[in-house]
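Architecture and fold: a report
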Amino acid sequence: MASNVPVQQQVLVLTRVGEPMTLETRPVPRAGPGSVVIRVLAASLRANTPTVYRNPESGHPLPLPFVPGFACIGRIVDTGPDATRLKPDQLVFFDPYILGRDGSDSTYVSGLMEGSSEGGRILARGEWRVPTYAEYAKLPLENCHALDEKRLFGDLKDGGLGYNLDNLTHIFSMLIPFGGLCDIDIKAGETIIIAPATGRYGSAAVHLALAIGARVIAIGRNATVLSQLDTLSSRITTVKVTNDVEEDTRAPRSAAPEGIDAFWDMSPPAAGASTHFRSCLNVLKPGARIDLMGSVLSGVSFSYMELLMGKITIKGSWMCTREETVRLLRMVESGVLPLGAKAGMGPVRRFQLAQWEEALNAAAEHIEPGEIVIVA
């Protein structure tokens with residue numbers, strides 16, 4: 001381990017859902033086989049993070065008591081003896097979707113859900129119990145992806161992208177929707193509906209689809225965010241949901257009279273009865289693909305014969321595969337997926353570990369485009 005790494009660190013601990021977190025002093029972990037230790041620079045708070053940590057009925061089983069967290073960007077300070085590519089001082093992106101090395105059905109979304117299988121519970125309650133709301137974190141080797149720091153932070157005149165850390169935190173919101181777009185194999189030149197497109201992940205999906213080369217029809221209720229998205233590209237059309245199925249069908253059909261290739265949806269729990277499901281189905285072309293990434297609990301219905309006759313494919317997606325995460329990071333490093341305010345992305349709100357309550361409140365209040373991050 002690097003000589004400048006302290007012996008002790010500050011970490012957040014959640015003992016019981018619904019109770020306040022505590023800031024504790026703990027030893028800095030050491031890397032062993034299959035792991036690295038990073039200095040956490042910025043860790044993500046998802047839009048539903050406040051619900052997961054505050055509502056015992058959220059449906060997210062947690063390995064309590066534990067250190068919460070999620071995706072993060074950090075700098076390696078220690079590597080295990082089997083590390084062949086990662087080295088101390090490298091900047092890395094941590095993908096929180098942890099898979100069992102001896103069984104693909106064992107999954108743990110680090111800091112957010114221990115999974116429904118015994119394997120997932122073993123991952124969550126054992127070696128990876130201490131995620132990223134901490135100054136230092138011990139993480140699985142294969143979930144840490146090296147970032148091209150020279151390219152990302154380099155000056156424009158030297159061939160760099162001129163980013164700073166805040167710019168890179170926008171990858172946090174890209175990670176989840178990118179998995180869904182990959183699952184339905186969005187291609188350049190295709191037309192896709194993104195709905196709802198005005199939240200943190202929906203707007204990220206819009207940026208991703210545009211970077212891939214698709215034409216985007218962005219659907220939502222927030223007129224302000226829709227107007228902001230409208231300025232991103234000539235390949236985007238925005239449609240405000242009116243709750244009138246005929247009207248909500250007419251607008252996307254007018255934008256793409258030849259039909260639409262795909263429909264990506266990340267609706268919240270309360271959107272089960274939203275008219276946009278019906279209006280979006282109305283404009284899909286034969287052979288279209290649908291990807292569902294939301295959290296709707298009931299109320300959505302699909303016509304059996306309509307799906308059959310239209311040869312419609314429906315997929316449910318959860319997170320990115322490791323290969324998809326690498327592809328996303330390469331898109332950022334190449335410059336084809338621009339980040340930050342200049343790319344039309346929302347603000348980054350930063351909070352210290354001790355400001356955890358303010359951070360959770362901000363994540364609950366600000367579901368529009370932008371990032372909420374904890375910096376250690």
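Look up: the structure comes first, before these words.
Every chain begins its residue count from 1, and numbering advances along the sequence as written. Whole-chain, interface and lining totals are the exception, using all residues; otherwise, since this is a predicted model, local features are given only for residues with pLDDT of at least 70 and side-chain atom pairs are given and counted only at 80 or more. As a convention, hydrogens and water are excluded, and side-chain values are obtained from all of the structure's heavy atoms.

Let us now look at the packing of helix α5 (residues 171-183) against helix α6 (residues 200-212). Lines fitted to C-alpha atoms define the axes, with helix axes restricted to the stretch in contact, and inter-axis angles between N-to-C directions lie between 0 and 180 degrees. Here a helix means four or more residues in a row that DSSP labels H or I, a strand means two or more in a row labelled E, and each is numbered from the N terminus. Two numbers describe how α5 lies on α6: the axes approach to 8 Å, and their chain directions differ by 60°. With respect to their mutual orientation, α5 and α6 come out oblique. Taken as a pair, α5 and α6 cross one another with a handedness that is right-handed. Counting all contacts with α5, which are made through Ser 173, Met 174, Ile 176, Pro 177, Phe 178 and Leu 181, the residues of α6 involved are Arg 200, Tyr 201, Ala 204, Ala 205, His 207, Leu 208, Ala 209 and Ile 212. By definition in this entry, angles of less than 35 degrees are roughly parallel, angles greater than 145 are roughly antiparallel, angles of 65 to 115 are roughly perpendicular, and the rest are oblique. Here a crossing is taken to be left-handed if its near helix is turned anticlockwise relative to the far helix by less than a right angle, and right-handed if that turn runs clockwise. Contact definition: two residues touch when any of their heavy atoms are within 4.5 Å.

Since the α-helix advances by 3.6 residues per turn, residues separated by three or four positions end up pointing in the same direction. Considered for burial, the residues of helix α8 (residues 245-255) that qualify are Asp 248, Thr 249, Pro 252 and Ala 255. Along the axis of α8, the buried residues cluster in a sector spanning 135°; they form a single face. Looking at α8, the residues exposed on the side facing more than 90 degrees away from the buried face are Glu 246 and Ser 254. Close packing links the buried residues of α8 with β11 (215-220), β12 (236-240), β13 (260-265) and α9 (276-282). Exposure classes here rest on a 1.4 Å probe applied to the protein chains alone. A residue is buried below 20% of its type maximum, exposed above 50%, and partly exposed in between. Throughout, the arc means that of the directions going from the helix axis to the C-beta atoms.

For the rest of this paragraph, the subject is the state of the cysteines. Note on terminology: pairs of cysteine sulfur atoms within 2.5 Å are recorded as disulfides. For the structure shown, the criterion picks out 0 disulfides. A disulfide-free cysteine, Cys 72 has its sulfur positioned 7.1 Å from the sulfur of Cys 144, the nearest such atom. Not part of a disulfide, Cys 182 finds its nearest cysteine sulfur in Cys 320, a span of 6.0 Å. On the basis of relative accessibility, which here comes to 16%, the residue Cys 182 falls in the buried class.

So, about a nonpolar patch on the surface. Surface patches are defined over residues having more than 30% relative accessible area and no salt bridge, joining like charges when they lie within 9 Å and nonpolar side chains (Val, Leu, Ile, Met, Phe, Trp, Tyr) when within 5 Å. To measure how exposed things are, a 1.4 Å probe is used in the Shrake-Rupley method; for residues, cover is taken only from the protein chains shown. One side-chain nitrogen of Lys or Arg within 4 Å of one carboxyl oxygen of Asp or Glu is enough to make a salt bridge. Residues Tyr 304, Met 305, Leu 308 and Met 309 make up a contiguous nonpolar surface patch of about 510 Å² in total accessible area. With respect to the helices, strands and loops of the structure, Met 305 is situated in helix α10 (residues 304-310). The exposure class assigned to Met 305 is partly exposed, which follows from its relative accessible area of 47%.

This brings us to the environment of Met 266. Tracing the chain through its elements places Met 266 in the loop between β13 and α9. The sequence separation of Met 266 and Ala 359 amounts to 93 residues, and the corresponding C-alpha distance is 23 Å.

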